[in-house]
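Remarks on the overall topology
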Amino acid sequence: MTLWLIVRRSLRQHGLSSVVTAILIALAGGLLMSVWAVRRQAHATFTGQSGGWDAVLGARGAKLQLVLNAIFHLEASPGNLPYEDYLAISSNRAVAAAIPLAVGDNYLGYRLVGTLTNLFGVEYRPGVSFRLEPGGRLFEDGYREAVLGSFAARRLGLKPGDTFKPYHGLNFDPKAQHDDQYTVVGVLEPSNTPSDRVIWIPLAGLQNMSGHDPATATDVSAVLVKLRTPVAGQQLDMLYNRQGNRLTFAWPIARQMADLFDKFGWFDAVLAMVAWLVALVAAGAVLASLYNSMSARRRDLAILRALGARRRTVFAAIVLEAATIAAAGMVAAYGIYLAILAGASAVIRAQTGVVLDPFAPDPVLAWAPLAMIGLGALAGIVPAFKAYRTDVASSLAPES
Amino acid sequence: MALLEITDLRKSYRAPDGTCHEVVSIPRFTLESKVQLALSGASGSGKTTFLHLIAGILTPDSGRIELDGRLMSALPEASRDRLRAADIGYIFQTFNLLQGFTVLENVLLGMSFGPGADRGRAASLLERVGLSHRLHHFPRQLSTGQQQRVAVARALAHRPKLVLADEPTGNLDTANAREALALIRETCSENEAALLLVSHDPAVLDGFSQRLPLTELNRAANTPVTGGAR
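Keep in mind that what you see is a predicted model, and the values were worked out from it rather than measured.

This next bit is on the overall build of chain B. The secondary structure content of chain B amounts to eight helices and ten strands. The C-alpha atoms of chain B give 17 Å as radius of gyration, which agrees with the globular expectation for 230 residues (17 Å, within 12%). The buried share among the 230 residues of chain B stands at 50%. Considering only residue pairs separated by 6 or more positions, chain B has 74% of its internal contacts joining residues 24 or more positions apart.

Below, the structure written as structure tokens:
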């Protein structure tokens, strides 16, 4: 009680430096928690993001590129594969479902993906499949109709009944507009998956877009595959990747993304190191702030000692004060964490369609504040030792 | 048995030029319970050092200080702190109030290291010294005389057996000094605490029936001596 009173009064007396130091702790703590949480959530979300599919079949190339293209709608397709390959895998007894995708066009930077309407019936998460917003319907094969992901629809300002003319290529080039006009017939409800950023059109529509090579009109960019059993994945891996040399079978999808994160493990380590360095600098600020105030406090400490406070009491008061500054900073750090995560989430969503949840529980939200408070208390030890050594007699009134 | 018994007490300081100066050399001194005694002495006569030694803030080079039957001079620092917090009240010339704490908190702190904070007693003591309307003011918001009254209340808050007062009126004008001195003496009597007051002011000393020149007590000449200074 007494200790806490001493700490509270001291914090009030040195309000400005305490607040500035707490802000530093808040920034450091917010950054530390954000780095960890974004890292964990991004890893968990990207490696867990399969859209309900087990594998992707595509042209010979890198498995990661195939997954990024077909599942995350990023990157270019490594090439096309004949429609017969789609028919072959879809009729394989080990395959429960196979849906072809065709890419190659965009509208104002948002990717057009040609596919079959069966895709929308697949559960992209267990028990959850795509749903249309009220007033919409799925496109019909053979018509120039489009169904938009929720994010793309909102960003493009398109709604059922609106029309647009796609552009050639995956990147927006105003000079490469097609003549074909598409009508929006439906908008999907948000799925928090990369599909939210896609403009879905009939497979044949993309294949036969004006200006596309008629010789490859039946080719597809990739085939999404759902397997009947995990063993089937090994069989098809053997068939396409080891025995064959024309196609690539990316299976399992999560492993490809995990490999990607592993490749950037060093970047994670650098980020974590920077976050820890910032935390250490903030702890240094606690130390400097308290240490510099010790001369001004010498008399107060001597008075406390003259009143009977033991050395360990004044030592504990300074350490507790440092820990309190850190604790106050970490309370504010949650706000900074939410702001950073909301910003990062918006950027990641805009770029990939994947949504991070700033409010998702994460162990870092518990251990980082404890670590920062511990670090703050540790930083308080040096000034506390100075307080501990305060000479009472010489710090009180001049002798007579 | 006397409340305070001092035998062969010595204290010297090392000056910046390396020489040792003995400032306290008291062969024998006693103070009975509830007695009020004034010691007179000029500046530099070792008054504050003597009180600091009694309070356990300083340790003597040699000699014995016995307070209420406990050999204070032989106790480790933490025990002396405990003893001071429990049995000794200290009134300083410059009041030494904690500026960041309210009047009430200053008094509560005077108790909290000893018997424990007692809000009721702190408030009643402040009422006794005429500051019941200033409980939540800060020292800087008080007049000098009011600050000294807070210091008096703080010194008596934990019901000490002995109150040490070091030039308690040194910073006050004549009227406030007279008032403060009367208050110190009255409150010490009411709380059955012995009072050992040191001052160089004849106006203060004249009011005490028991008074003693420190020079009679202290044989230290404050001249360089040989030997280990602390």
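Across its full length, chain A holds 13 helices and twelve strands. Summarising its shape, the C-alpha atoms of chain A cover approximately 110 × 45 × 35 Å along the three principal directions. Per-residue burial for chain A yields a buried fraction of 45% across its 400 residues. Long-range contacts, defined as pairs at least 24 residues apart, comprise 79% of the intrachain contacts of chain A with a sequence gap of at least 6.

Residues and elements named next belong to chain A. Most of strand S2 (residues 95–107) is tucked away, with ten of its 13 residues classed as buried. As defined by bridge partners, S2 adjoins strand S3 (residues 110–115) across five bridges and the pair is classed as antiparallel. Of the residues in S3, the one forming a bridge with valine 103 is valine 113. Hairpin geometry of S2 and S3 is characterised by an intervening segment of two residues between the two adjacent antiparallel strands and by a positive phi of about 50 degrees at leucine 108. In this sheet, strand S8 (residues 167–168) lies alongside S2 in antiparallel orientation, the contact comprising two bridges. Opposite aspartate 105, over in S8, you have histidine 168 as the bridge partner.

Here we come to the domain arrangement of chain A. Residue and element names in this part refer to chain A. Entries for chain A in the domain assignment read domain 1 (2–46 + 265–391) and domain 2 (55–251). Averaged C-alpha coordinates put domain 1 and domain 2 at centres separated by 48 Å. Facing the five residues of domain 1 at the interface are nine residues of domain 2. Counted by class, the side of domain 1 that touches domain 2 contains two nonpolar, two polar and one charged residues.

This part covers the interface of chain B and chain A. Counting residues at the interface gives 30 residues for chain B, matched by 19 residues for chain A. For the side of chain B that touches chain A, the secondary structure elements donating two or more residues are helix H1 (47–55), helix H2 (77–87) and helix H3 (103–112) of chain B. A per-element tally of the side of chain B that touches chain A places H2(B) first, with five residues. Broken down by class, the residue content of the side of chain B that touches chain A amounts to eleven nonpolar, 13 polar and six charged.

Residues and elements named next belong to chain B. The parallel open sheet is built from five strands, whose spatial order is S6-S7-S8-S3-S9. Only two strands of the sheet have a single partner each, and these edge strands are strand S6 (88–91) and strand S9 (211–213). Across the sheet, the mean angle separating the axes of adjacent strands is 15 degrees when strand polarity is ignored. Where strand S3 (residues 36–40) lies against S9, three bridges are found, and the strand directions are parallel.

Following A:Trp251, the chain continues to A:Pro252 via a peptide bond in cis, the omega torsion being -10 degrees. The topology assignment puts A:Pro252 in the loop between strand S12 (247–250) and helix H8 (253–263). Unusually for a residue other than glycine, B:Lys34 sits at a positive phi of about 65 degrees. Take B:Lys34: there are 15 C-beta atoms within 10 Å of it, and that puts it in the partly exposed class.

With that out of the way, let us pick up the environment of A:Ala327. All names here are of chain A. With respect to the helices and strands, alanine 327 occurs in helix H10 (residues 311–352). Overall, alanine 327 belongs to the partly exposed group, with 19 C-beta atoms counted inside 10 Å. The spacing of alanine 327 and alanine 26 is 301 residues in sequence and 9.0 Å in space, taken between C-alpha atoms.

Our focus in this paragraph is the packing of H3(B) against helix H4 (residues 119–128) of chain B. All names here are of chain B. Taken N-terminus to C-terminus, the directions of H3 and H4 make an angle of 120 degrees; their axes are 9 Å apart at the nearest point. Compared by their axis directions, H3 and H4 come out oblique. As for the relative orientation of H3 and H4, their crossing is right-handed in sense. The segment H3 lies against H4, with Val103, Leu104, Val107, Leu108 and Met111 engaging Arg119, Ala122, Ala123, Leu125 and Leu126. For the contact of H3 with H4, a count of residues per class yields nine nonpolar, no polar and one charged.

Before going further, it helps to spend a moment on H10(A). Since the α-helix turns once every 3.6 residues, residues separated by three or four places project in the same direction. Look at H10(A): 58 Å from first C-alpha to last across 42 residues, which is about the 62 Å you get at 1.5 Å a residue. After H10(A) finishes, the residue A:Gly353 shows a positive phi value of roughly 85 degrees.

Residue and element names in this part refer to chain A. The geometry of helix H2 (residues 15–47) relative to H8 is characterised by a closest axis approach of 8 Å and an angle of 150 degrees between their N-to-C directions. On the basis of the axis angle, H2 is roughly antiparallel to H8. Each of His43, Phe46 and Thr47 in H2 lies in contact with H8, whose residues at this interface are Ala254, Met257, Ala258 and Phe261. Class assignment for the residues of the contact of H2 with H8 results in five nonpolar, two polar and no charged.

A few words now on the nonpolar core. Membership of the largest hydrophobic core comes to 123 residues, with the highest contact counts inside it found for A:Ile25, A:Ala322, A:Ala326, B:Val107, B:Leu162, B:Val163 and B:Leu164. At 15 residues, the largest contribution of residues to this core is made by H10(A). Not counting the four nearest positions on each side in its chain, A:Ala326 is found in contact with A:Ile25, A:Val286, A:Met372, A:Ile373, A:Leu375 and A:Gly376. Counting residues in hydrophobic clusters, the runner-up holds 66 residues, among them A:Val56, A:Phe164, A:Leu227 and A:Ala250.

What counts and how
Residues numbered from 1 in each chain as written. Chains lettered and ligands numbered in written order. Predicted model: local features only at pLDDT ≥ 70, side-chain atom pairs only at ≥ 80, totals over all residues. Helix = DSSP H or I, 4+ residues; strand = E, 2+ residues; numbered from the N terminus. Rg over C-alpha atoms; globule rule 2.2 N^0.38 Å. Buried ≥ 20, exposed ≤ 12 C-beta atoms within 10 Å, placed from the backbone. Contact = placed C-beta atoms within 7 Å. Pairing = 2+ DSSP bridges. Domains from an automatic or database assignment. Nonpolar A, V, L, I, M, F, W, Y, C, P; charged D, E, K, R; others polar. Axes fitted to C-alpha atoms, helices over the stretch in contact; angles between N-to-C directions. Parallel < 35°, antiparallel > 145°, perpendicular 65-115°, else oblique. Left-handed = near helix turned anticlockwise from the far one by under 90°. Expected span 1.5 Å × (residues − 1). Core = buried A, V, L, I, M, F, W, Y, C linked by C-beta atoms within 7 Å.

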